[in-house]
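Architecture and fold: a report
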Number of protein chains: 2
Amino acid sequence: MSVEFSHSQALRLLHDVSLAQVREGGVDLSNRQLAILLTIYMDLPPHTVRGLAQKLNVTKPVITRALDAMGEMDLVARRRDPADRRNVIVQRTVQGALFLEKLGDLVITNARELHL
Amino acid sequence: MSVEFSHSQALRLLHDVSLAQVREGGVDLSNRQLAILLTIYMDLPPHTVRGLAQKLNVTKPVITRALDAMGEMDLVARRRDPADRRNVIVQRTVQGALFLEKLGDLVITNARELHL
DNA sequence: GCGATTCAATACGGCTCCGTAACGGTTTTG
DNA sequence: CAAAACCGTTACGGAGCCGTATTGAATCGC
């Protein structure tokens, strides 16, 4: 992308990416779910429910429910921490990695089309 | 942004933007609502319910409900088309423009921090 | 060892959104 | 000037997420 990156170019990029996702009609994540998913995949593990809740500034049930929903879609997996069995370790999945790969490609493709 | 724009940089940008929005705790739009809002503000008017439904590949009630929700937040406004009173013209609002301005700034700020 | 603490999950009532179908109001058609 | 077509909205039952409060399991502190 060029160094100059205008306001309307930023919004156009968001528009094109979100529009492509809506039109595709596939997985429809909320903003919260996306933020959780991206945090799991982009930040250093390990990820616990409590840790994610603090990072996102939301309550723990929000994380639990989001993991329920995304676990159902095989985007993330849960595992008990053997060292401290109170904790739950959130892990990546092949399905989740594929989804984010596709999402990243979508951003790059649309950015290129905008000559950014 | 540089011409080279890696996969992980794209996801990192999305992560930072969505995380900032979640942590902020303000308006929480679904992906569909965001796509509708950005279409209204980025594409050429006039915008009708039917036109938006076709553009986004969703049913009309989805648009009606999204306009209800975003109208309640003063992000968009509705007006009957005087020429053909069956149509509803969807219009921008000051509040909506401010929201998108803030969103665009968020993208640009995070892009700069990633040295894109 | 035993109470206090911490963890994730669950219960609960409420709200929003979903898709399908039906509905009134408006315009076009023949 | 009726019949058909079109537009946006509403009705309906179902599903998902919300925040708050509570639960059960595991660990810590004394």
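As shown above, the structure is provided for reference.
The present account deals with the structure reproduced in this document. Sequence positions are assigned chain by chain, starting from 1 and proceeding in written order. Lettering of chains starts at A and numbering of ligands starts at 1, both following the order in which they are written. The model is predicted, so local features are restricted to residues of pLDDT at least 70 and side-chain atom pairs to those at 80 or more, both for listing and for counting; the totals for chains, interfaces and linings are taken over all residues.

**Topic: the protein's contact with DNA strand D**
Throughout this description, a residue near a molecule or strand is one whose C-beta atom, derived from the backbone, lies within 6 Å of it. As a structural note, the neighbourhood of DNA strand D is formed by 22 residues, with A:Arg85, B:Thr48, B:Val49, B:Arg50 and B:Thr64 the closest of them. Numbering of helices and strands runs from the N terminus, with a helix taken as a DSSP run of H or I at least four residues long and a strand as a DSSP run of E at least two residues long. For the surface near DNA strand D, the elements supplying multiple residues, two or more each, are helix 4 (60-72) of chain A together with helix 3 (49-56) and helix 4 (60-72) of chain B. For the surface near DNA strand D, the element with the most residues is helix 4 of chain A, which contributes five residues. Throughout this entry, Asp, Glu, Lys and Arg are counted as charged residues, while Ala, Val, Leu, Ile, Met, Phe, Trp, Tyr, Cys and Pro are counted as nonpolar. The remaining residues, Gly among them, count as polar. Looking at side-chain class alone, the surface near DNA strand D contains nine nonpolar, four polar and nine charged residues.

**Examining the environment of A:Leu34**
Examined against the element boundaries, A:Leu34 turns out to sit in helix 2 (residues 31-42). Along the sequence, A:Leu34 and A:Gln95 sit 61 residues apart, while their C-alpha atoms lie 14 Å from each other. Apart from the residues lying within four places of it in its own chain, the contact partners of A:Leu34 are A:Leu29 and B:Ser18. Whether two residues are in contact depends on their C-beta atoms, placed from the backbone: they are in contact if these lie within 7 Å.

**Some points on the protein's contact with DNA strand C**
Close contacts around DNA strand C come from 22 residues, with A:Thr48, A:Val49, A:Arg50, A:Pro61 and B:Arg85 the closest. Breaking the surface near DNA strand C down by element, the ones donating at least two residues are helix 3 (49-56) and helix 4 of chain A together with helix 4 of chain B. It is helix 4 of chain B that provides the largest number of residues to the surface near DNA strand C, a total of five residues. Here the residues of the surface near DNA strand C are counted per class, giving nine nonpolar, four polar and nine charged.

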